[in-house]
Amino acid sequence: VTNLLEKGDYGGLPAQPAWGYLTRSKTGERVYCIVRTWPTDGRLEVPLDRPVRSATAMHSPAVVRVASTAGGTVTLDLGQAPPPDAHASVIVLTMK
């Protein structure tokens, strides 16, 4: 996995969001959302202008649903589940 933030290169990803940061796999098939500030309303706005096939929470049985994709933003519905990790939770997006 390439940590784009450390490299100073976002690899085609937009600037990093306020809730955490994004990294991508070397193949670009997956984008990892490292969420340091869990949304209180259960909706995570990801600045990404690519179609998403699926979204899952790493190390958690929580269901993550792609609610919408519009205007360069993918909105994820995290439900009312608490964050899987108190410091940084990871949501894995698999691209189409």
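Conventions and cut-offs
Residues numbered from 1 in each chain as written. Predicted model: local features only at pLDDT ≥ 70, side-chain atom pairs only at ≥ 80, totals over all residues. Heavy atoms only, no water. Pairing = 2+ DSSP bridges. Helix = DSSP H or I, 4+ residues; strand = E, 2+ residues; numbered from the N terminus. Axes fitted to C-alpha atoms, helices over the stretch in contact; angles between N-to-C directions. Core = buried A, V, L, I, M, F, W, Y, C linked by side-chain atoms within 4.5 Å. Buried < 20%, exposed > 50% of the residue type's maximum accessible area, 1.4 Å probe, protein only. Salt bridge = Lys/Arg side-chain N within 4 Å of Asp/Glu carboxyl O.

### Thoughts on the pairing of strand E5 (residues 65-70)
No. 1: As defined by bridge partners, E5 adjoins strand E6 (residues 73-77) across five bridges and the pair is classed as antiparallel. Within E6, the residue paired with Arg 65 across the bridge is Asp 77.
No. 2: The loop that links E5 with its antiparallel partner E6 comprises two residues; one of these, Gly 71, has a positive phi angle of about 55°.

### Focus on the sheet that holds strand E1 (residues 20-24)
No. 1: Ordered in space as E1-E2-E7-E4, the four strands form an open sheet in which the pairing is antiparallel. Since the sheet does not close on itself, it has two edges, and those belong to E1 and strand E4 (52-57), each with one partner. For this sheet the average axis-to-axis angle between neighbouring strands, irrespective of direction, equals 20°.
No. 2: The pairing of strand E2 (residues 30-35) with strand E7 (residues 89-95) spans six bridges and is classified as antiparallel. Within the sheet, the bridge partner assigned to Val 31 lies in E7 and is Leu 93.

### Things to note about the nonpolar core
Most often, soluble globular proteins have nonpolar side chains that are buried together.
No. 1: By size, the foremost hydrophobic cluster in this structure holds 19 residues, and its most contacted members are Cys 33, Leu 44, Val 46, Leu 48, Leu 76, Ile 91 and Leu 93.
No. 2: Residue assignment for this core shows that the elements contributing at least two residues are E2, strand E3 (43-46), E4, E6 and E7.

### Regarding unusual backbone geometry
No. 1: With a phi angle near 60°, His 59 is a residue other than glycine that sits in the positive phi range.
No. 2: Structurally, the position occupied by His 59 is in the loop between E4 and E5.

### Quick notes on the sheet that holds E6
No. 1: Pairing is antiparallel in the open sheet, where three strands are placed in the order E3-E6-E5. Only two strands of the sheet have a single neighbouring strand rather than two, namely E3 and E5. Along the sheet, successive strands turn relative to each other by an average axial angle of 20°, direction set aside.
No. 2: Note that E3 and E6 share four bridges and pair antiparallel. In the strand pairing of E6, Glu 45 is matched with Thr 75.

### What about the pattern of salt bridges?
No. 1: Counted by the stated rule, this structure contains two salt bridges.
No. 2: For the salt bridge of Glu 29 with Arg 30, the shortest nitrogen-to-oxygen distance reads 3.5 Å.
No. 3: Judged by relative accessible area, Arg 30 falls into the partly exposed class, the value being 33%.
No. 4: In this structure, Arg 65 engages Asp 77 in a salt bridge whose closest nitrogen and oxygen atoms are separated by 3.4 Å. Separated by twelve residues along the polypeptide, Arg 65 in strand E5 and Asp 77 in strand E6 bring together distant segments of the chain.

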